[in-house]
Amino acid sequence: MSADEMTYAEGIRRGFEWLMANDPRVFTIGQGLWSPWYVGASMTDLDKKFGKERVIDTPVSELGTTAAAVGAAIMGYRPIVIHPRMDFMVLGTDPIINQAAKWSYLFAGRSTAPITVRGIINRGGEQGAQHSQSLHSWYAHIPGLRVLMPATADDARDLLIWGTLSDDPVLYIDDRWLYEQTGVVSEVDPDVKLSDVGPKLRREGGDITLVGAGWTVKLALEAAEILAGEGIEAEIVDLRQINPIDHTLAAQSVSRTGRLVAIDGSWSNCGLSAEILAGAVERVAPANWKAAPRRITLAEAPAPAARSLEAVYYPDADGVAEAARELIHG
Amino acid sequence: MKPTFHKLHRSTLGDLVEPGAYRDPVRIGNRSREALLEDLACMLRIRKTEEQVGTLAEQGIVKTPIHLAIGQEAIPVGLSRHLRPSDAVFGGHRSHAHYLALGGDLDGLIAEIMCRETGVASGRGGSMHLIDRARGFAGSVPLVGATIPLGVGAALALKMDGQGGVGVCYFGDGACEEGVLHESLNLARVLNAPAIFVAENNLYSSHLDIAQRQPNDRLARFAEAHDMRARTVDGNDVCAVAAAAEELVGAARAGDGPGFLEVITYRWRGHVGPDANIDVGLRRSATEVAAWKKRDPIARLASALIADGALDEAGYDVLKQQELERVNAAIAAAEGAGFPDPATLLDHVYSEGA
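Bear in mind that the values here come from a model prediction, so they are computed numbers and not experimental data.

### Details of the overall build of chain B
No. 1: Across its full length, chain B carries 11 helices and 8 strands.
No. 2: Here the C-alpha radius of gyration of chain B, 20 Å, is about what a compact globule of 354 residues would show, namely 20 Å.
No. 3: Principal axes of the C-alpha set define a box for chain B whose edges measure 70 × 55 × 50 Å.
No. 4: When the accessible surface of chain B is summed, it comes to about 13,900 Å², and 52% of that surface belongs to carbon and sulfur atoms.
No. 5: In chain B, the 36 positive side-chain charges and the 46 negative ones have mean positions that sit 5 Å from each other.

Written out as structure tokens, the structure is:
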């Protein structure tokens, strides 16, 4: 890694560092913030640099802590709540969905609850069903709650900054399987509004469109390399913000390629992959479709522990490439 | 061998839950007569508001679910005397009184209950979602127990501000059965947040009385389990509430930690709607409701002020009439206001727009 590159985990850490150095309203609260093994290298030494009054390690109380952060956000602060595993975040979901997401609407904009919740996807390694989940689709169902899924190192930093500075409540979901990804360091532009943060093309190609968010963008990129070796050029759309969702870029791509594979690191039923397909079907003229769209998702089961089962449970780049071949070759 | 069980419920609140007790005029001591007359007017404003809103519901004019606080007026009035507009107060489903006691705008309240554009939440909230930031009322939300951690978070923010502000959450005896109470009390103590937990113990949660839901009727025991300063007082005595609030709020402002104020009271009407719910509560009887009406927080203050000479019967009647007229004027104003424009349905979902 060269000097002008950073890892995804370092991107997250720099996002925190920028926010806490530049905005006195920002504090962060959650379990494990004074211990490196909860959040990997993504928050290293923040407590030493900014103090334990602004980097608050808490009792084992997801619900109380998340809701207290909502209360502080209503009072004008910009708290970032850390849930080191999304599975445990389920315990703190009531204030996210019932309070923060609705606060602006309930009071017709007279008050807002601009909390940022950071939910970390931490799976694999035989951790089993309650240490593995990626529940982004649940949360993306809720009007008023912005849901961000960074796929690259600079987005890991920038989406955290933009999300925290946004006047809307934000769920920022990062993925431990991306922490070692590297990317080129750009300048921080703090003035970007989330209403302007739409999907990005991560690769251009005319044969097939692959759409994902977070970790599945990495899978798509790896699959595209495999396919390129076979003369198939895939176009890759990184959604970045899945609620509210902008289908425009994916639909434009599919209108050109005529083929779509949606990739999601969670289950299929009523999930993000279904939303991707629906968004394209509603926008792409029937005549432009060359094949029925496909979904690559987890198997419809809780995550298993044994490595032999994990190997078939999680999608991989070979599986994405195989689905693409089937769409192209019939 | 036959198994043995502990008695399911024991009352440790003594006379506080005996409606026959605490019926005398409240002891006003050397408190400012002017302030007490203001308190009386505020309590009357709350009662007249609730009575008229109940009538509107009976007439089918108000559809939004209403939870009336008739009988509980002394609690927010006694507490709010020791609060500032820079504090943050969160209420629950039964919060018209909490809002009005802080000086919340009556017209805005009535219009919101009638779901008009001129309401405090522009008709988006209804009866259970009130707000008046300028008066310190940070919002009311009806999910049972939801206000408790919001108050803790506001208290944490006010502690960071360093201006001596306090975060206040109102909740009832039912909310004490939610796990979030435990988390919030613990968190407030560990963070030394200046939070005031106001437990309005009206002995009922929806249709079940407290003896059917908890092994002990004294809610302050939860605070004691978290090593927190707690007071339990007669919630139908505005002076007793004010005295306890002054002590707990003062300590929190001074950085001496959160406080738990348990106030014993009784709602004259049902959980929701204008009637008394004597047909809903498994053990709630007309006799019990009638007995509690004799512990009327308004009559007890009025009779104390009349005995003292600060008020006479004629003056009391004028006060009642004035407050009724204010409420009726607010209703007339709301009736003349429009409902929200359907074109604004999606406004305020996102602050920045989608």
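### Observations concerning the sheet that holds strand 1 (residues 88-91) of chain B
Residue and element names in this part refer to chain B.
No. 1: Strands sit in the order 2-1-3-4-8-7 across an open sheet of 6 strands; the sheet is parallel. Taken across any chain shown, the strands that pair with only one partner, and hence form the sheet edges, are strand 2 (137-140) and strand 7 (229-234). Going across the sheet, the axis of each strand differs from the next one's by a mean of 15°, ignoring polarity.
No. 2: Two strands pair when backbone bridges link them, and strand 3 (residues 167-172) and strand 4 (residues 195-201) are joined in this way by 6 bridges, in the parallel orientation. Looking at strand 4, one finds that Phe 171 is bridged to Ala 199.
No. 3: Those strands touched by helix 6 (residues 179-190) are strand 3, strand 4 and strand 8 (259-264), and its axis lies near 150° from that of strand 4.

### Things to note about the side chain of Ser127(B)
Residues and elements named next belong to chain B.
No. 1: With respect to the secondary-structure elements, Ser 127 resides in the loop between helix 4 (106-113) and strand 2.
No. 2: Engagement of the side chain of Ser 127 in a polar contact is seen with the backbone oxygen of Pro 65, the distance being 3.3 Å.
No. 3: When near neighbours in sequence (up to four residues on either side) are disregarded, Ser 127 contacts Thr 64, Pro 65, Ile 66, His 67, His 96, Glu 112 and Ile 113.

### A few points about the sheet that holds strand 9 (residues 200-203) of chain A
Where strands meet in a sheet, backbone hydrogen bonds hold them as pairs that are either parallel or antiparallel.
All names here are of chain A.
No. 1: On the basis of which strands lie adjacent, the open sheet formed by 5 strands has the order 9-11-10-13-14 and mixed pairing. Here the strands that pair on one side only, and so sit at the sheet edges, are strand 9 and strand 14 (294-296). Taken pair by pair, the neighbouring strands of this sheet meet at an average axis angle of 25°, ignoring direction.
No. 2: When strand 9 meets strand 11 (residues 234-238), the two strands line up antiparallel, connected through 3 bridges.

### Digging into the nonpolar core
No. 1: Ranked by size, the top nonpolar core spans 97 residues in total, and within it Tyr139(A), Phe171(B), Phe197(B) and Phe260(B) carry the most contacts.
No. 2: With 8 residues, the top contributor of residues to this core is helix 5 (residues 147-161) of chain B.
No. 3: Each of domain 1 (5-194) and domain 2 (200-329) of chain A gives at least three residues to this core.
No. 4: The residues contacting Phe260(B), other than those within four sequence positions of it, are Phe171(B), Leu185(B), Phe197(B), Ala199(B), Leu219(B), Ala220(B), Ala223(B), Met228(B), Arg229(B), Ala230(B), Arg231(B) and Leu248(B).
No. 5: In terms of nonpolar packing, the next biggest core, distinct from the first, is built from 63 residues, Leu56(B), Val120(B), Val166(B) and Leu248(B) among them.

### Section: the domain arrangement of chain A
Residues and elements named next belong to chain A.
No. 1: Per the domain assignment, the segments making up chain A are domain 1 (5-194) and domain 2 (200-329).
No. 2: For domain 1 versus domain 2, the separation of C-alpha centres amounts to 26 Å.
No. 3: With 33 residues of domain 1 at the interface, the matching set in domain 2 holds 27 residues.
No. 4: For the pair domain 1 and domain 2, the summed buried area comes to about 2,300 Å², and 52% of that belongs to carbon and sulfur atoms.
No. 5: The largest contributions to the domain 1 side of the interface with domain 2 come from Glu 126, Met 149 and Trp 177, which together make up 25% of the buried area.
No. 6: Linking domain 1 with domain 2 are 3 salt bridges.
No. 7: Salt-bridge contacts for Arg 202 lead to Asp 155; the nearest nitrogen and oxygen are separated by 3.0 Å.
No. 8: Seen at the junction of domain 1 and domain 2, the total is 18 residue pairs in polar contact (both at pLDDT 80 or more).

### A look at helix 10 (residues 297-308) of chain B
Three or four residues apart is the spacing at which side chains of an α-helix point the same way, because the helix has 3.6 residues per turn.
Residue and element names in this part refer to chain B.
No. 1: Taking 1.5 Å as the rise per residue, helix 10 with 12 residues should run 16 Å; its terminal C-alpha atoms sit 17 Å apart, in good agreement.
No. 2: Taken residue by residue, helix 10 has Pro 297, Ile 298, Arg 300, Leu 301, Ala 302, Ala 304 and Leu 305 as its buried positions.
No. 3: On its buried side, helix 10 packs onto helix 1 (33-58), helix 2 (74-80), strand 7, helix 8 (238-253) and helix 11 (313-335).
No. 4: Of the residues that open helix 10, the one with a side-chain oxygen 2.9 Å from the backbone nitrogen of Ile 298 is Asp 296.

### A few points about the pattern of salt bridges
No. 1: Under the counting rule described, the total for this entry stands at 41 salt bridges over all chains.
No. 2: Across the pair Arg295(B) and Asp234(B) runs a salt bridge, and its minimum N-O distance is 3.9 Å. Of the two residues, Arg295(B) sits in the loop between helix 9 (286-293) and helix 10 while Asp234(B) sits in strand 7, which places them 61 residues apart along the sequence. The same class applies to Arg295(B) as to Asp234(B), namely buried.
No. 3: Connected through salt bridges with shared partners, the residues Glu10(A), Arg13(A), Arg14(A), Glu17(A) and Lys49(A) form a single ionic network.

### Side note on the interface of chain B and chain A
No. 1: Taken together, the contact pairs 43 residues of chain B with 44 residues of chain A.
No. 2: Here chain B meets chain A over a buried area of about 3,500 Å², counting both sides, of which 64% is carbon and sulfur.
No. 3: Taken together, chain B and chain A are joined by 0 salt bridges.
No. 4: At the junction of chain B and chain A, the tally comes to 14 residue pairs in polar contact (both at pLDDT 80 or more).

How each quantity is defined
- Residues numbered from 1 in each chain as written.
- Chains lettered and ligands numbered in written order.
- Predicted model: local features only at pLDDT ≥ 70, side-chain atom pairs only at ≥ 80, totals over all residues.
- Heavy atoms only, no water.
- Helix = DSSP H or I, 4+ residues; strand = E, 2+ residues; numbered from the N terminus.
- Rg over C-alpha atoms; globule rule 2.2 N^0.38 Å.
- Areas by Shrake-Rupley, 256 points an atom, 1.4 Å probe, with all protein chains shown as cover.
- Lys, Arg positive; Asp, Glu negative; His and termini not counted.
- Charge placed at Lys NZ, Arg CZ, Asp CG, Glu CD.
- Pairing = 2+ DSSP bridges.
- Axes fitted to C-alpha atoms, helices over the stretch in contact; angles between N-to-C directions.
- Contact = heavy atoms within 4.5 Å.
- Polar contact = N/O pair within 3.5 Å; in protein donor to acceptor, adjacent residues only side chain to side chain.
- Core = buried A, V, L, I, M, F, W, Y, C linked by side-chain atoms within 4.5 Å.
- Buried < 20%, exposed > 50% of the residue type's maximum accessible area, 1.4 Å probe, protein only.
- Domains from an automatic or database assignment.
- Buried area = accessible area lost by both parts, 1.4 Å probe.
- Salt bridge = Lys/Arg side-chain N within 4 Å of Asp/Glu carboxyl O.
- Expected span 1.5 Å × (residues − 1).

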